[in-house]
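Structural overview
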Amino acid sequence: MTKSGSNDNQQKDREREMDEECGKKTAYYNSRCIERVRTDVSDSKRSRLYIKAIIYAIGGNLLLAVIKGIVAWLSGSSAVFSDAANSLSDALYSIIMGIGLYVSQRPADETHPQGHSQFEPLVSLFIAAAMASAGIAAVWQSIQNFLGQTEPTALGWTSLVMVIAIVVKYIMYYLVSGIGEKVYSPAIQASARDNLVDIISTTLALIGVLGAHFIHPYLDPIAGLVVALWIFKATWEITWENVGYLIGRGADLELTEKIAEAAFSVTEVADVHRIVAEYVGPQLRVDMHINVDGDIPLSKAHQIGEDVRQAVEGLEEVDLVYVHIEPIGHEGK
């Protein structure tokens, strides 16, 4: 074997050893391991709250499906049976939502080095699509009622089921919305809004049924159209919000000021002259420039930058912060 061939083999062996030492999430360059994947920042408390929200969503819809199914069997009402099937479909979409939220909480890997949080707005858009389909169905049913092609909804068992649904959905809304606010999750907040829409739509439907029997038959389809309009309004709000998370909408002025206040909480910061904050998924990535005393040691300046990063990342709305440190009087590009 030639000397050059031996050297090549030694170099390959060395690179192989470094690859094994560095691991899959890092690269080997210039005799150094370079990290390519973000350090795991998973929060066990946050994960437990996500699991709770998923259980509430699936469990509540399954409970309603069972109750409505029993009432349909006892009463023989086709309307109640259809409503039970609708609750079962809600439970199925809640399961899909749960799978999506699970994926969004997976740690970073080589294919998604900053994590999978951008998957969460997609879950919200899926919920919005399910709500839109319910709104279209409500419009279609109302048109059929206006044309007199369906039998009027009977009182009795149907009204009882509506009241039970309102109570159960309110409990679900209260529990899920509380979790959504704590973890700042657009998907969980969208699920809570879906429950709120169900409460309002079922209440209006109940008013429409009662009005159709005691005042005028057209009150039922009119209530159905009002329900559809409310559903479309909520669907648009969820869609607009989550599209913004996907395309990098910027932080508003109030939130930008909140970020600046967090940075200034570090006493050594003399000035903050740039904050560029945009949504990458449901939380913000922040690129900020701060000014510090230019005569302090590099290690001190580095520690100030770390303190600023931790202070800003402590905000619920913020995921990741990049801090550029510059001497007082300098405003770099």
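Preceding this section is the structure that the text describes.
For the structure given in this document, a descriptive report is provided here. (Residues numbered from 1 in each chain as written. Predicted model: local features only at pLDDT ≥ 70, side-chain atom pairs only at ≥ 80, totals over all residues. Heavy atoms only, no water.)

**Considerations on the overall build of the protein chain**
Looking only at helices and strands, the protein chain features nine helices and five strands. Sorting the 333 residues of the protein chain into buried and exposed places 40% on the buried side. Within the protein chain, contacts between residues separated by at least 24 positions form 69% of all contacts whose residues are at least 6 apart in sequence. Put simply, the protein chain shows about 18800 Å² of open surface, and 61% of that area lies on carbon and sulfur atoms. (Helix = DSSP H or I, 4+ residues; strand = E, 2+ residues; numbered from the N terminus. Buried < 20%, exposed > 50% of the residue type's maximum accessible area, 1.4 Å probe, protein only. Contact = heavy atoms within 4.5 Å. Areas by Shrake-Rupley, 256 points an atom, 1.4 Å probe, with all protein chains shown as cover.)

**Some thoughts on the side chain of E317**
Among the secondary structure elements, E317 is positioned in the loop between α9 (298-313) and β5 (318-327). Of note is the side chain of E317, whose polar atom sits 3.1 Å from the side chain of K258. In contact with E317, other than residues within four places in its own chain, are Y184, L255, K258, Q283 and L284. (Polar contact = N/O pair within 3.5 Å; in protein donor to acceptor, adjacent residues only side chain to side chain.)

**Observations concerning the pairing of strand β4 (residues 283-292)**
Taken across its ten residues, β4 has nine buried, putting it largely inside the fold. In this sheet, β4 lies alongside strand β3 (residues 271-280) in antiparallel orientation, the contact comprising nine bridges. Each residue of the ladder has a partner; that of I275, found in β4, is M288. Counted along the chain from β3 to the antiparallel partner β4, the turn is two residues long, and its residue G281 has a positive phi close to 80°. Looking at chain direction, β4 and β5 are connected through nine bridges and run parallel. Residue pairing in the sheet places R285 in a bridge with L320 of β5. Tracing the backbone out of β4, into α9 and back to the parallel element β5 gives a crossover that is right-handed. (Pairing = 2+ DSSP bridges. Right-handed = clockwise from strand over helix to strand, strands pointing away.)

**Quick notes on the packing of aromatic side chains**
In this structure the tally under the stated criterion is two aromatic pairs. Taking the centre distance of 5.8 Å and the plane angle of 25° together, the rings of W236 and W240 count as stacked. In this pair, W236 and W240 are both assigned in helix α7 (residues 219-247), four residues apart and thus about one turn of the helix distant. A residue is classified by how much of its surface remains accessible, and W240, at 57% relative accessible area, is exposed. (Phe/Tyr/Trp six-rings, centres within 6.5 Å; stacked < 30°, edge-to-face > 60°.)

**Examining the sheet that holds β4**
In spatial order, the strands read β3-β4-β5; together these three strands make up an open sheet with mixed pairing. The open sheet is flanked by β3 and β5, the only strands paired with a single partner. Going from strand to strand, the sheet's axes swing by 15° on average, the running direction of each strand aside. Sheet strands in contact with helix α8 (residues 253-264) are β3, β4 and β5, and its direction is about 130° off that of β3. (Axes fitted to C-alpha atoms, helices over the stretch in contact; angles between N-to-C directions.)

**What to know about a nonpolar patch on the surface**
Together, I143, F146, L147, I222, L225 and V226 make up a nonpolar patch on the protein surface, roughly 470 Å² of accessible area in all. Per-element accounting of the nonpolar patch gives the leading share, three residues, to α7. A relative accessible area of 39% places I222 in the partly exposed class. (Patch = residues over 30% accessible without salt bridge, like charges linked within 9 Å, V, L, I, M, F, W, Y side chains within 5 Å. Salt bridge = Lys/Arg side-chain N within 4 Å of Asp/Glu carboxyl O.)

**What to know about α9**
Taking 1.5 Å per residue as the helical rise, α9 with its 16 residues ought to reach 22 Å, and the 22 Å between its terminal C-alpha atoms agrees with that figure. In this structure, the buried residues of α9 make contact with α8, β4 and β5. (Expected span 1.5 Å × (residues − 1).)

**What to know about the environment of S201**
Turning to its location among the elements, S201 is positioned in helix α6 (residues 186-214). S201 gets classed as buried once you look at its relative accessible area, which sits at 12%. Residues S201 and A138, spaced 63 residues apart in sequence, show a C-alpha to C-alpha distance of 9.6 Å.

**Details of the environment of A53**
Examined against the element boundaries, A53 turns out to sit in helix α2 (residues 44-75). Residues contacting A53, with those up to four places away along its chain left out, are V176, I179 and I188.

**Re the nonpolar core**
Ranked by size, the top nonpolar core spans 25 residues in total, and within it M97, L101, I127, M131, I179, V183 and I188 carry the most contacts. Secondary structure elements with two or more residues in this core: α2, α3 (78-104), α4 (119-146), α5 (157-183), α6 and α7. With six residues, α2 is the largest single contributor of residues to this core. Ignoring sequence-local partners within four residues, the contact set of M131 consists of D194, V197, I231, A234, T235 and I238. Formed by 22 residues, the second largest nonpolar core is a distinct cluster that contains L255, V266, A277 and Y279. (Core = buried A, V, L, I, M, F, W, Y, C linked by side-chain atoms within 4.5 Å.)

Worth remembering: the numbers are spatial, not functional.
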